[in-house]
Amino acid sequence: MASRKDLEHTVELIRLDVEKRLAHLRGDLIKWMFGALMAQAALVVAIIKLFS
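Everything numeric here is computed off the predicted structure, so don't read it as measured data. (Residues numbered from 1 in each chain as written. Predicted model: local features only at pLDDT ≥ 70, side-chain atom pairs only at ≥ 80, totals over all residues. Heavy atoms only, no water.)

Engineer: Tell me about a nonpolar patch on the surface, residues and numbers included.
Structural biologist: A cluster of nonpolar side chains, namely Ile-14, Val-18, Leu-22 and Leu-25, defines an oily patch on the protein surface of about 360 Å² accessible area. By the secondary structure assignment, Leu-22 is in helix H1 (residues 4-51). (Patch = residues over 30% accessible without salt bridge, like charges linked within 9 Å, V, L, I, M, F, W, Y side chains within 5 Å. Areas by Shrake-Rupley, 256 points an atom, 1.4 Å probe, with all protein chains shown as cover. Salt bridge = Lys/Arg side-chain N within 4 Å of Asp/Glu carboxyl O. Helix = DSSP H or I, 4+ residues; strand = E, 2+ residues; numbered from the N terminus.)

Have a look at this one:
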């Protein structure tokens, strides 16, 4: 049977892994949002040029 110290160590490793993955996901989300913003800006510029 695993000791309390082993379980605490395992929980800490899992917590650190989850934090690392969340940080990576945040970075990916920021990249996607920036890309969508640029695409939207390009679309607005194209529409303005089309109708002016």
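Engineer: Quick rundown of the pattern of salt bridges? Include the residues and the values.
Structural biologist: Scanning all chains against the criterion turns up four salt bridges. Its salt-bridge partner being Glu-12, residue Arg-15 comes within 2.5 Å of it at the nearest N-O pair. Linking Arg-15 with Glu-12, this pair stays in helix H1, spanning three residues, or about one helical turn. Measuring nitrogen to oxygen at the nearest pair gives 2.9 Å for the salt bridge that ties Asp-17 to Arg-21. Taken together, the residues span about one helical turn, with Asp-17 and Arg-21 both in helix H1 at a distance of four residues. Classification of Arg-21 as exposed rests on a relative accessible area of 54%. Each of Glu-12, Arg-15 and Glu-19 takes part in a single network of salt bridges with overlapping partners. (Buried < 20%, exposed > 50% of the residue type's maximum accessible area, 1.4 Å probe, protein only.)

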